[in-house]
Each structure stands twice: as C-alpha cells, then as structure tokens.
Protein chains: 4
Amino acid sequence: MTTVSSTTATSVPYRVANLGLAEAGRHQIRLAENEMPGLMALREEFGPTQPLAGARIMGSLHMTVQTAVLIETLVALGAQVRWVSCNIFSTQDEAAAAVVVGPTGTVEAPAGVPVFAWKGETLEEYWWCTDRAFDWSTEAAASGASFIGPNMILDDGGDATMLVHKGVEFEAEGRVPDASAADSEEFAIVLDTLRDSLINDPTRWTRISQDIKGVSEETTTGVHRLYELAAQGELIFPAINVNDSVTKSKFDNKYGIRHSLPDGLNRATDVLMGGKVAFVVGYGDVGKGAAEALRGQGARVIVAEVDPICALQAAMDGFQVARIDSVVGEVDIWVTGTGNVNVIGVDDILAMKHLAIIANVGHFDNEIDMAGLAKLEGAEKVEIKPQVHEWRLPNGRSVLVLSEGRLMNLGNATGHPSFVMSNSFTNQVLAQIELYATPEKYPVGVYVLPKHLDEKVARLHLDALGVELTTLRPDQAAYIGVSVDGPYKVDHYRY
Amino acid sequence: MTTVSSTTATSVPYRVANLGLAEAGRHQIRLAENEMPGLMALREEFGPTQPLAGARIMGSLHMTVQTAVLIETLVALGAQVRWVSCNIFSTQDEAAAAVVVGPTGTVEAPAGVPVFAWKGETLEEYWWCTDRAFDWSTEAAASGASFIGPNMILDDGGDATMLVHKGVEFEAEGRVPDASAADSEEFAIVLDTLRDSLINDPTRWTRISQDIKGVSEETTTGVHRLYELAAQGELIFPAINVNDSVTKSKFDNKYGIRHSLPDGLNRATDVLMGGKVAFVVGYGDVGKGAAEALRGQGARVIVAEVDPICALQAAMDGFQVARIDSVVGEVDIWVTGTGNVNVIGVDDILAMKHLAIIANVGHFDNEIDMAGLAKLEGAEKVEIKPQVHEWRLPNGRSVLVLSEGRLMNLGNATGHPSFVMSNSFTNQVLAQIELYATPEKYPVGVYVLPKHLDEKVARLHLDALGVELTTLRPDQAAYIGVSVDGPYKVDHYRY
Amino acid sequence: MTTVSSTTATSVPYRVANLGLAEAGRHQIRLAENEMPGLMALREEFGPTQPLAGARIMGSLHMTVQTAVLIETLVALGAQVRWVSCNIFSTQDEAAAAVVVGPTGTVEAPAGVPVFAWKGETLEEYWWCTDRAFDWSTEAAASGASFIGPNMILDDGGDATMLVHKGVEFEAEGRVPDASAADSEEFAIVLDTLRDSLINDPTRWTRISQDIKGVSEETTTGVHRLYELAAQGELIFPAINVNDSVTKSKFDNKYGIRHSLPDGLNRATDVLMGGKVAFVVGYGDVGKGAAEALRGQGARVIVAEVDPICALQAAMDGFQVARIDSVVGEVDIWVTGTGNVNVIGVDDILAMKHLAIIANVGHFDNEIDMAGLAKLEGAEKVEIKPQVHEWRLPNGRSVLVLSEGRLMNLGNATGHPSFVMSNSFTNQVLAQIELYATPEKYPVGVYVLPKHLDEKVARLHLDALGVELTTLRPDQAAYIGVSVDGPYKVDHYRY
Amino acid sequence: MTTVSSTTATSVPYRVANLGLAEAGRHQIRLAENEMPGLMALREEFGPTQPLAGARIMGSLHMTVQTAVLIETLVALGAQVRWVSCNIFSTQDEAAAAVVVGPTGTVEAPAGVPVFAWKGETLEEYWWCTDRAFDWSTEAAASGASFIGPNMILDDGGDATMLVHKGVEFEAEGRVPDASAADSEEFAIVLDTLRDSLINDPTRWTRISQDIKGVSEETTTGVHRLYELAAQGELIFPAINVNDSVTKSKFDNKYGIRHSLPDGLNRATDVLMGGKVAFVVGYGDVGKGAAEALRGQGARVIVAEVDPICALQAAMDGFQVARIDSVVGEVDIWVTGTGNVNVIGVDDILAMKHLAIIANVGHFDNEIDMAGLAKLEGAEKVEIKPQVHEWRLPNGRSVLVLSEGRLMNLGNATGHPSFVMSNSFTNQVLAQIELYATPEKYPVGVYVLPKHLDEKVARLHLDALGVELTTLRPDQAAYIGVSVDGPYKVDHYRY
C-alpha cells in the first residue's frame, strides 16, 4: 500500500506497491515544475557544470510533490540523495512513489531516489526512516567502499542534524541515557534508536559526522537549535540558515501559510470562515500570513502576541490584539503560529465554544497542549475523518483538533504550494552548492546566504508572474551607492 | 457503485454499499448542524406545529452534507421527501448514505429518505434518478392509494420543474419529439425519458402536475426559466424565487463563492494564487465573491463585464476591467461566473498561457465552450486526477480544465459551506411552508419571499456569529416610518 | 462676507467680494470637468438640441465645485438656473463666486448664474437664500413677464420641495401656524419665512407650484419625504428619485463616503486612523463605504445595525457587530450613517473615551443628539478650529465633535469628489430632461430613472477609468433574454 | 506674520506676531499629546531624573505640531533646545508660534524654545535659519560663558550634521570652495553660508564640533550620509540611526505614508482615488504604505521596483509590477517613494495622461526631474493653489505637480500623524538620552538603538490602542531562549 520499505526489508529499502500512485505523482510533479521556476532555472544554469557531483545528500523534509522537484533538481546537479519526511503526516504517497521510480524509471526498474516516508507514520516508524536515510550501505556496496555515509544534510526542523549530534555525543560517552531521562515520548524513541545504533556500530555517527560538509536548514525551529549548538560550541559542521533568507522567511512563512491555512481548514472541516471569529496566536511571519488569509475570507481576526513590536504591527494592521482568556468564549477558529510551547493549554480548551476548531501552523504539536488534553479525565477523542478529531470534553462541549495538533497545513492539506516552495528550495539548492562547492567560505558556524543570492532567488521567480523589473541607471546606482546589479540593500534591511 | 438504498424499495433501485459511508456522513451532518443555525431554529420553532404534515416533497438539489440537514429539517416539519442531485458530480456519497439510513435508523433498518444520487453519474443515470424521485409508488403502496405523486417541488436549476412541464406538454400532444429535435445531447436523454414515460403511463405527468402546490427554486438559472414560463403563460403551478431573497443571492452567490472557489482551486491544483493573474468573467454576485477571494489570496484580478454598471463597480473596487482578448496571454487562472454561454471560447483557450487553469462557478458547462474544445482537431484530454484534466492543445500548450467545465466548487470541492447554505435553505423551507400552508396567497405566478421572512432568515443566523443586533427605539422607527420589528427597507433597497 | 453677486440683481442680494476667489474657483472647475466625464458627455450629446431650453431650474444642493459643473451643464443644455446650497456649512465660496461670474464672464460683467450661498450661513440666512432662489423677478423683468417662478426643482434633502408644499398648504389655509407649533428651531424659521411671504403675496407659492413640472431629488432623506407625500396624496408635482439610481446610491453613498470620510477626519483632526477602534453606526451604503475606508487605513471597525440583513452582511464582511453600549469605552472614532435620529445620545457621549471623535456622514445633525449635548449641564464647547469643537464634559473627559454634528464630509472636507458626483449629477441632468421634455411619461408620482438611463450613466464614466467593456454577442444576449444594448438586468437586481 | 526673526534682528531672535496663532497651536499640541503616548510616558518616567540636564540640543526637523510635543518632551527631560525645520514647506506656523511661547509662557513673555522656521522659506532663509540654530550666543550670554554651542544634534535628513562637517572641513582648509563648485543651487547657498561664517569666526564650526556628543538621525537619507562619512573615516561624533529602529522604519515610513499620502492627495486635488490607476515607484516601506493606502481607497495600483525581492513582494501582495514606460499613458496618479534620483524623468512626464497627478513621498525634489521640467522649452507652470501647480506641457497636455516635487505629505498635508510620530520621536528621545547620558557606550560610529529600547517604544504605545499584550510564561521564555521581558527576537529578525 505504501511506497516504502517494511522494517524487515533491510536489503530492499523501498518498493513501489502501486503503479498508479507513481504515475499520479509524476503528473503532479510535471505540473509542479511549471510552478517552480527557480528550481527549473537552476537545472538549466548548473546542469552543465554539475556542482553537486560527489555530494551525498541526506534530506529530511516533508516528502511532498514540491520536495520531489527539489530532490530531482539536486540529482540534476550531480548529487546522490536519500530522503525522509520530517513529519509523520506530511508525506504525499504519490510524490514519494514517483521520486522512487524516477522521471525516467519504471516501477519494475526504478531509477529514482530512495525515499523512506509515508503518510501516517508512527513515531517509531519515523525515526526508523530517519535512521535508514543515514544508512548509505547500498551506495557503499555499489561503489565498492567499505563505509560511506552522507556528506551533506538538507534539514527541516533539525531532526537529522540532532540525530547526528546526539549520536556523536553518546558515542563519545559510550552510552545512551535511559529513556526515563527523555523529556518527551518522542525523545525516548530517539534514545532507543541511538541505543540500538551504539550496540550495532559504536562509531557510526562519529564517522558520519566527520564526512559531513554542512547542513542547510529550512525552519525557524531548526535554525534556533543550530544557533544554540553554535553558542555552546557544540556545532560539528557548518550550517546555512535558509530560513532567514528573505525569500524564505518572508515568502514561505507568510505567503505559504496565507495559502495553506485556509486550504487545510477547508479540507478538514468545510467550515465557512466568513463572519467567524478567528484567533491567531503569534504575529510573526506565519501569523501575518494566517491573519491575512482569514481576513481575506471575511473572518474577524484577533491576534495574541508577546512581543510589543509585533503586537503594535497587528494593531496597525487593523487587528484586535487580546489575550486568549479575554475572548476565549467568542472564538470559532484557533490558529497557532508561534514556535513556542503550550500556547493553548487545556484550561483554554475547556473554556472554548462548542466545536471550536484548533489548528496549528507553528511547528511542533506541543504548541497546543495535546499531551495535557490526552491526559484530561473524561475527555474522549472521536475520529471524524483522518487528521480531524472531535475531542469531547468533560464539560459537554467538544473541540475539533486538526492533525492531532501537528502542522495542519501539511496534515490536512498539501502544505505550501509549489511556487512558494520554489523560493525556499532554490535557497536550499544554492546553500547546498555553497557549502559543498566552496567549503572554505564556511568554517563551522551558522550563516545566512549572501544577499546577492537571496536577490537571485527572487529574480528567478519574476518572469513566471509577469513581473517587469526596473533596471537602475548607473547614475541612480551611484546616487544610492550600490552596484547596478545589486545587492541593493544594507544587510539589516527588513523588507 | 450506487450508495444508497431503502429496504422498502421493492425494485431495489439503490442500496447502501458501505456501512462506514453512512456513519461518516452522519458525523458530518452532526457537525454541519452546528453551522446551520437557521435550519435548526426552524426545527425548534415549527417542529411542534408540523406545518409540512401532508407535504410530499420531490427535491432536486446537490446531494451534499448541507442538503442532508435541509432534508431532515423538512422531515422534522412533517414532510415526506424523495431526493435527487441536480448535478452529476455534486453528490457527496456519505451524505446520501446517511440520509437514507436516517438519524435514527441503521443500515439494516434504514429510517431515512429515499435518495437517488451518487458522485459521478452519467447523464442517463442522472435523468433516471430524477424520474425515480417523481415515482411515489412505494409511498402510495404504504398509504393504500392507487396513485400519488409529489405535491411540492424543491428545485435547483429547474430540471425537476422542466420535466413536469415537458411531460405535461408531450402528454397533451400525445407524442414526444424525436431526439434529433434536441438542442443538446442532454435534452435528447430527457426526451428518451419522457418517451418511455408516455408509453408506460400516458397521463402520469398530467396527474402529477395537478397535485403540485408549488415549487421553490434555488438558482438564477432556474428562476430565469420560471419567469419565461410565466411570461409565456405556460407556468402550471406557483413558484417562489428563493434565489432573489437577499439572504440567498447576496450570501450564497457572493460569500459562498468567496469560500468555495479558492477551496476548489486548491483541491484541484494546489497552485498558489498569490502573485498570479486571475481573470473573473462576470462581476455579478458570483463574480464579486470570486474576485474578493482571489484578491484575499494575493492574486491580481482582472474582470470582464458586459453591464456598464457592474463594470463600473469593478473599477471602483480597484479591479482592472478588460476584455478577454486584451490580456489573454497574461492570465494564470480563469474563472467564469456569468450564467451565460460560451463566455470562454476555443479561440480564447488557444491563446492562453501554458497550463492556465479554467474554472467555472457560473452554472452550466456551456459557459466554457467545452463542446467546441471536444471537437478541436489535435486536442488531447489527459486526466490528472478525477475532475482535473489537462487538455493538450495542438499549439503545444496545455490548459487545465476543472470539473469538465461544470461547477468546480461542487466538483472539485464540497460546494458552499454549511453556514451559507443555512441561509439559502432556511429560505427554501420558509418558501415550502408558504406555498404549502398558505396556497391562497400564491396564485400561479413567480414570487419572492416577503421581506419580513428574508429578514427573519438573517436574524436566525446572527447569534451563531456573535452579532449583537441593535433595536430601534419607537421614536426612531417612527422617524423612518417602519415598525420596530421590521421590515426595515423599501422593496427596491439593494443592500 | 457673502461671495456672490450679479450686477443685474436690482435688490443687490449678493456680490462678489473677491476677484481671486472667482479665479480660484474657475481653476478648480476646470480641473473638476476633467473628473466629471458624464456631465461633459451630456454637454456634447445634448448641447446641439438644447432639451432644457425654456426650463427655469431652482436648484438647492451643496454649492461645491462639482455642483458648479452641474449648474453649467444645465445651462449648456438650455436652462435658466438659480441656486442655493442645501446645507449651511457646505458651500465652497470660490465655486459660488466662479459660477456667478460664469465661464465667459468677468467680475465686472458677470455672465453666470445667481447663487445665494456661502460657507457658514446662519439658519435665518439659509432660508432667506432659499426664498431668494424662488424669486425669479429679475428674470421676469428681463422677459417682460409680470410673474414667473421656476418650472423645475433640483433638490437635495427636500428643503426646496418642502417649502413649496408648505407654502401652498398655508396659502390654502390662509395662515401660517405659530412658531410654537414648530418641532425644531429650524422649522420655526421656515414658518417665519412663509409667514412673511403670505403677508407679501398670499398666492405666491400656489402660483409657483402650478408651473413646476417636477423635481429631481438627490438623497435618501428627500426621497423618503417624497414617498410620504405621495402616499398621503399630497404630492403636487412629479418627482424623480435620483437617489435610487444604482449609479447614485451605490456610488455616491458608498464610494463617495469611502473617499470623503477619511478626508474629513484628516482635515479636522490629523488623527491616525491606523490601529484605532472606529465604530460605524449603520451598514447601509454609507456605512459600507465608511467601514471600507476606515479598514483601508488600518482601523479596527465595529458596526451597529438594526436591520438583521445588513448586520449579517457586516459580519460576513469581517466586521464585529455590536451595540454602542457594549463597547462604548473602547472606541476612538465614531461615525454615524443611518439617516435616523439620536443614534448617538448624550448618555453614550458621557461614556466615551477622552477625546473620542464624533463624525456624522448620515444626514441631519440630529443623528447625534447635539440638542441634548447643548443642554447638558456643565458641558463646555471650545472651538479648536472652524467646524472642530471640543466638548468638555462634566465628567472631566472631552469629545471632539466635527461640523457641529452636521455632515462632516462636507463641513470638514469638500464633500464627495468630482468623479462620484459626476455619476450622481449625470442622473440629475437626465432626470431633469425626462421630467421637462417628456412630462407625459410622468404623471404626479415618484419615479426612479429607467434602467437603460442608469446604465447610460455608468457607460459615460468607463473610458475615463480605462475600463474596457465587453460586448454581448447576439447569441449570448438571446441566451439570457436581453437586448445586446441592455438593459441587462431585471428591475429587482441588487448589484 | 511669521513666528520668527528677521535677518536684521540679531538680538531679537524670534517674535510672535500673532496671538491667535500661538493659541491655535497650543490647542493642537494639547490634542496631539493625547496621540503621542510614548513621549508623554517618557516625561512621566524621566521627568524626575532629568537625564538631559545640561544637554543643549540643536534640532533640525519639520516644525510641526508633533515636533512641538517632541521639543517640549526634551525640555521636560532637562534639555535646552533651539530648532529649525528641515524642509522649506513643512513648518506649521501655529506649532512654531506655540513652541516659542511655551506651554506656560505668554506672547508678551515667551517662555518656550527659540524656533527659526516658517512655512514657505526660501532656500537662503532656510540656511540662515539653520545657521541661527547653531548660534547659542543668547544662551551663552545668559550663562556668562564666552562661547557655547550645542552639544547634541537631533537631525532629519542630515543637513545640520552636514553643515558642521563641512564647516570643520573648510575651517581646516582655511577656505570655502567657490559656489561654481556646487553641484546644486542649494549647495551654493550652503557654501555662501559657510563662507560668511569663515570670515566672521574662522574656528566656529571646529569649536562647535568638539562639544557635540552625538547626533540622532531620523531618515534613510540622513542615515545613508552618516554611514558614508563613517566608512570614509570622516565622521566627527557618534550617531544613532533612529531610522532603522523597527518602531521607526516599519511604522513612520509605512503607516505614516499610508495615512499622509491620501491626505495630501485629497487636500491638494480632491480627486477620487477609487477606480483610478495609481503608480507607486518603489516598494520599500514607504511604497508599501502608499500602495496599501491607495488600494484601501479603491485605486488599482501598479508598482515599479529595481530590487527583485521587493518586486516579488509586490507581486505576492497582488500588485502589478511594471516599468514606467510600459503603462505610462494609463496612469492617473504617480507616487514616488524611492530615495533615488530622477525616477520620473521629463520624458516620462511628456508621455503622461492629461492632468496626471505627480506626488513625491520619497525624500528630495530630485526624485522627480523638477530641474529638467523647469528647463523644458514651452512648459508653463500655473499655480492652482499653493503647493499645487499645473505644468502645461508643449504637447498640449498638463500634469499636476504637488509641492513642487518635494515631500507632498508635508507640503500638501500635515505630515505623518501624531501617533506615528510618537513612535519615531520616542526613539529620538531615547537616542538623545543614550548618547548624552552614556557616551561611553558609543565611540564615534553609527549605531541603531538596542532592541530592548525598540521594544520599549512599542510597549509605550499599546495601551492607547487597547492592545492587550500576552506575557510569556517562564517555561515559554526558556523554551525559546529569551528573557520573559525581552528582547524577544534575534537582531536580524525582519518583522
């Protein structure tokens, strides 16, 4: 049924059970290519010179149709790739199947990329998949090497990077802590995974880490982890913070959510947004996109913020800014986009309107206190349909929780659309090229892409939208002290 | 393949193939009830007095979850009901199944309403279903009558009303014209249906028509047909034009499309609307809703209009107003909402951008010249997924046509959301009560609901949105010459 | 102090005090002509045939630059005109001066139209002016007639029409009631005016009324009075309700207010709207325009409504709908647009935030209880600048009242902009032509303009905005049952 | 008439000719204080400790009502102040008069601050005023010092800072270059000013510069000059770049323009924006605010950009992005907001629509090629009213140029509103305190305010808008690695 291996199929890491799935995925990839002009332009520009020849990329990022175009772009630039999703619900099975088969392969003779991902993984399966994507023994066998691992990571949320760092740490200590030390159910599974690894091959992660030339990281959360590692002197390899490219954070986070939040709400609930009261927790880029989308559908939007600058922006943009408890009983749709923990707690949920909808587009499922809800005496979880659950509360009311508190734009819809992801992923590819091809520019540390590459990403997306760019005259460039070709702004410019 | 049944149906025209389907539908109906406060309020207000006791309603309207709540409201007010969809693609099978089983029935012992509808009917099946819903022999048998038909019609698009009128006409003439006289493939099937009927029972439609106390009609198109019939003196029974209630035309048409157009685009294509050029043909209520939704998602919207007043409104609302041929090569997304014919022709399609998306939210599939496209030499139709087809054109480009040119908000999404439909359907129920319970007020002719009922529909939807209505003081009511309780506006007020 | 004159005015009721004023007005009229394509097109179309030759029009409508273009259009079509403003604050003195001088005249030899209006009239002066505009003795003398009055009225708010009707009534009764019978200070002045007239010429109004072929009325309020007169059988001459042309009510009321409300707020207070809480009382066309403008400037808008349909529209458009007392302490900017009385009362004002702004864009100054405020013990009125008053309240807080509660878009700004007024005034001119040139079509009663003229008004404004209108093909016109040239919609269509 | 000295009145530096002017200004200042909660909060917080005691601030910033509240805040914190405007048209005379009189003074006994500014200065007067504000001989005399100058500069656009730097440079060289070396008419006047100074006191600027502890600079343009000086090693004293505080650049530039652009257009032209085509040159913060305001009024907005990132943002926000020459004949309203030179040239102007409006909200009058227009053979300039000129072009068409190409939001309206300026000016005051009270933190160089002060500025403006700020729980602060009290974001966060 799925497009991926079973745990028992050690030597057959993946298989495609379903011909139609791969074909459907290929159709969608073909259409997505039309919407991803940045990636297609990179194939044209860099295909001849193969700057990623020799790169062995372990990718951990939602296995969607758009990611398929990313993967095939990396391959077109010379890389070998293995892939996992970074979220248990976000895989589009047809995309995974098509990538495995490859654009020129067949189901019988796949010529694509190993992918370990399916929609609806358990947490155990998730970490098993991640571990598999670090296992390049098939490639090693093919090349006659005794051992090879990946030499690049392309990460989203930092799970792959974390696994390497923890693996190295535990190998150095010679032991993995008890699961009881885990601060979450999920981390206990990580520990189990690494404990097995330590038993099987006590230097595996150390060897892997030594080969890795760098990681490019997609998200706020993953970037935050990287800066912490760097600050503590524990970062093992250089990292490019793709998230903070303008063409990522100001596009993916804002315009992507503007698209995919209402899409997910619609597919999950079919509930009219017009006339409803929506509450957006957090007014960063994600919250800004969410608020704009909801207003665009005629909802009345209330915003919560902890940062006075963002709170003032929300007010100036015409939104009411309130604390949850001030308006909890009036709200029809709850949206979280903070990257923080327990921003909606069980007490908040108990005070909500009957059948209020709770949707997280921030990052982890701990933005909403799902763990607390699961422990709530008398609460009952009823599946309405996959990724849509009615939680019947002891007070007689219910709430609808989407994607079990995880990213609903991925779990209930198909994530950000291709065009937005083309921006993010063009940054990713440029970051991989930078780290792999010019490692001398990146000692261990965390970097953002230079502004001229950020501008290049934007430039590659203009024609598709019919945008006519104005060209500076030399006298104008001189007047503001820039080159005619850019970069056009100081580094601290905020856009 | 069919989704529904009733154990009492001697000829077994339908059956429930799938237990889970009915259960899933019931979950959705329960959630929809929370979004349809108007209908639920009518159950509360009129349940005790059963104003529809004795009514036998033949309903022809998209068989969705929302329609399920409408049907069960009619039943709660005393009516007997048989139902068909008015569109071959618009049925939600789980809703149909749940209605057949009924809120208190089981799959083994259904206690609901006979429904003849499933997603993806052929045209032959469609008209067979419609004919079945006029066949009340089961109910006749149960009541011991030799013959009964429906005594009320609830119609959407006028197909049920047309069938009765044509049936009566042909019975009077004693013959049904040749199919060759049909102006469309579909009308040939209608003729076949009526020819069979004439052979089997040459006075069936005449008898049916004599019992019918009236029809309430949902849409612009159906209403247009009714006014034509009335103008020609051919209308057989009174009709209430539900479409032109303010709470229908200004809500369903505008706010419904605002919701369901982007929903359908997303489910069909996952294409980012932001930054794209969208072209909306027609700036009536449907076009206004479409344009607002697309702008709310960051698209640049261009509008076409033939009516100078609507064209000026579009300009004043900030939209470019252009003819198709002026901008045809720049447009990414085409939306039709005119109710007119061939507003996008084959020549237009041949001039479009590669992979331009064509979406109809007007009414019939002839808004776009699908017939012409089907005949185009060298054109090839490739199914990307159900209701999404790539038409490869002889010029080497492709376009994506949604729902084969039919209503894509129904075919690619789930139609208008419950809250909007609650407004429309509350009008429908009030119209059925008016026609059935006070026939003396409605000699044969076409009527709109009196304004106080239109205001009542709105009033029943305010609490759910947290709207606080201000009450006129008597001195204020006197000052503007209205009653404190309304109606508040002159009949020609435009809202 | 007064701004206008004509050397032919024997009783010298007005004079031009200021040469520069007339020149400045002429500049502005010339620019306004560029923004009033409808009126300019009528000059071109009807100038040769002079359909208003012989018409003697008494106009009572805000004496602005735009009205100057209207007046000169009436003259260009053959009419003789006398004019007053219909509001004591709304005259733009330079426009009045320029109209008196006329496009081809000079200050020394004015060749324009007698205008009796200046910014900041007293109520006594206002009614004196109105009376003067009914006095055509100068014109009578010039033509050798013993007596002539106007034979057409162009009215705004109905004051001119009311004066004739009351005059006729009192002449029939042979007496004018005591001022003590007046329900307002202003009506006492009307009675005084008519009492003087009865003494001087006891059949003057009766004679005037017999000549009048009709009135075209601009506003909701005036139209309401006309329908009341007609319903009571007291209407003396036919009336065309210009207000309910789509191109008037849906343009002037909505788009005009969208423009002039923020303009007036800015000129009066310079207060940032962004981030503020604005409360719009009434969500008719005026309220819709106000709410859109305030949202467009980043305000958070709350709406109050008594009509459940309009209330539901407000909610669906994303606005909070609340009663005044629910939120009175949170609101920074109050806007009234109801046409009703005392919608903001003294108690409301006492509960407002310090320095809350109160702005009326509805109609009379009784929308806000200015009379009650004037009587409030301990309240003090401080002029900040003309038309901006701080009312210091006994509770220690203040409010800012604009234009003394009268129409602030006229008192604090310059009223609706030329382009909007071109729509309204093109309707006015067409209505004058209809009533004067084809009186047989209009027996005594109240009419709206036929739809084809309404569409014509729109059509005349498209080119200036670069709008490309699409033309129906004959097959499309036939399909929807209209003429290719329109009208395109049924009469009850709501736009 | 004006509020300021004449060139002959060396010992009487200012006088108030008009009592009403000062009183009117005081009313407006009192209302503005209600809209400037940040400044009022600083008076409360820092009034007792007088952190600016001993500071002698030379301020060069538009002398508006808002600046009056800034000046009086600086005084309330202990500073002595002398002030000039930084733009020849931007002074509000009543504000200047009121500041001179002071909150507690009278016209006869002014107790305020010396202000050298009036609306409509010549360039010679402008630089004379600036020179006067550097002349603290009155204060020196009062304190018995032989010489004192200012020890702080508060600058907008950098003119004051430039004058000191040029003065020092020329004093070092012992000569001032010939006026023929000037690259503009204005710089020739600067040279004249400094030449006079060199003759009268050849070490004046050197002595002044040695006392100056720092400058806080308001604008993009001024900041750009500072970074250039610093890069060339020529900066004499430390500078704080107030412009790049988030609460300045993202508020003043964006929300200020959103308010004041339509305000200026309305006051200048009364032209309807709805339905018109507006072209915004530049999509930085200023352009974003302009585009939002125009769209909010129903205009169709087209944007031009040279930076591909900003161009992509404009497209994603739904705007057409085009080059001027592609659409020049369709545009009704032109707005420049680039900070660059000749972005609208004479050739562009010659291709424009008749009576197109040209409005600059960027910075200098060279954004539009006013110099080229002045030299255009056959062009004629007609004053419609002050700051509004019709340029009759040799091709028979005209354009309307606002404020002679200078900042029209200041010249045609009253600049940014108080609330926005409260954000900017709270940054200014904090910057003055930082530089004056903790000079050890700021060696010569250019700095932005630390983020915690930026957040403080925002925080001081929330209550006035009814914003409820959410407080981080300690576990949440720890989770994202910040203090509960902020700062909440990394330095490169873009908001």
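A short tour of the structure in this document, coming up. (Residues numbered from 1 in each chain as written. Chains lettered and ligands numbered in written order. Predicted model: local features only at pLDDT ≥ 70, side-chain atom pairs only at ≥ 80, totals over all residues. Heavy atoms only, no water.)

**Things to note about the overall build of chain A**
For the record, the criterion: Secondary structure elements are taken from DSSP: a helix is a run of H or I of four residues or more, a strand is a run of E of two residues or more, and numbering for both begins at the N terminus. Here the globule rule reads 2.2 Å times residues to the power 0.38, and the radius of gyration is calculated from C-alpha atoms. A simple rule labels every residue: compare its accessible area, found with a 1.4 Å probe on the protein chains alone, to the largest value its type can have, and call it buried under 20%, exposed over 50%, or partly exposed in between. Note on contacts: a residue pair qualifies if any of its non-hydrogen atoms lie within 4.5 Å across the two residues.
Regarding its fold elements, chain A presents 20 helices and 15 strands. A compact globule built from 495 residues would reach a C-alpha radius of gyration of about 23 Å, and chain A, at 23 Å, matches this within 12%. Per-residue burial for chain A yields a buried fraction of 67% across its 495 residues. Long-range contacts, defined as pairs at least 24 residues apart, comprise 72% of the intrachain contacts of chain A with a sequence gap of at least 6.

**Here we look at the relation of the copies chain A and chain D**
What counts, and what does not: When the copies are overlaid, the least-squares fit takes in C-alpha atoms only where the residue has pLDDT of at least 70 in both copies.
Between chain A and chain D, which share one sequence, the superposing operator has a rotation angle of 180° and an axial displacement of 0.1 Å; the RMSD is 0.2 Å. Read as a symmetry element, the transformation amounts to a two-fold axis. Relative to the rotation axis, the C-alpha of Arg-494 of chain A is the closest in chain A, positioned 2.2 Å from it.

**Digging into the side chain of Glu-455 of chain B**
Mapped onto the elements of the fold, Glu-455 of chain B is located in helix α19 (residues 451-459). Here Glu-455 of chain B is in contact with Asp-485, Gly-486, Pro-487, Tyr-488 and Lys-489 of chain B together with Asp-307, Pro-308 and Ile-309 of chain C, once residues within four sequence places are set aside.

**Some thoughts on the pattern of salt bridges**
So the rule is basically this: Should a side-chain nitrogen of Lys or Arg be within 4 Å of a carboxyl oxygen of Asp or Glu, the pair is scored as a salt bridge.
Using the criterion set out here, one finds 104 salt bridges over all chains in the structure. Arg-225 of chain B is paired through a salt bridge with Asp-159 of chain B; the nearest N and O atoms lie 3.5 Å apart. Here Arg-225 of chain B, found in helix α10 (residues 220-231), pairs with Asp-159 of chain B, found in helix α7 (residues 159-173); they are 66 residues apart in sequence, far enough to count as distant. Take Arg-225 of chain B: its relative accessible area is 26%, and that puts it in the partly exposed class. We note a salt bridge from Lys-250 of chain B to Asp-285 of chain B, for which the minimum N-O separation is 3.7 Å. Within this pair, whereas Lys-250 of chain B is found in helix α11 (residues 246-269), its partner Asp-285 of chain B is found in helix α12 (residues 285-296), the two being separated by 35 residues in sequence. The network of salt bridges with common partners includes Asp-131, Arg-132, Asp-135 and Arg-204 of chain A.

**With respect to the interface of chain A and chain D**
Here is the rule: When two parts are brought into contact, each loses some accessible area as probed by a 1.4 Å sphere; the total of that loss over both is the buried area. As used in this structure description, the phrase polar contact means that two N or O atoms lie within 3.5 Å; if the pair is within protein, one of them must be able to donate a hydrogen and the other to accept it, and residues adjacent in sequence are counted only when both atoms belong to side chains.
Taken together, the 68 residues of chain A in the interface contact 68 residues of chain D. Taken over both partners, the interface formed by chain A and chain D buries close to 6,000 Å², and the fraction arising from carbon and sulfur atoms is 57%. Of all residues in chain A, Ile-309, Met-316 and Arg-494 of chain A give up the largest surface area on contact with chain D, accounting jointly for 13% of the area buried on that side. Our count for the contact surface shared by chain A and chain D stands at two salt bridges. Salt-bridge contacts for Asp-307 of chain A lead to Lys-489 of chain D; the nearest nitrogen and oxygen are separated by 2.8 Å. Applying the counting criterion to the chain A and chain D interface returns 33 residue pairs in polar contact (both at pLDDT 80 or more). Mapped onto the side of chain A that touches chain D, the elements with two or more residues apiece are α10 (220-231), α11 (246-269), α12 (285-296), α13 (308-316), α18 (418-437), α19 (451-459) and α20 (474-480) of chain A.

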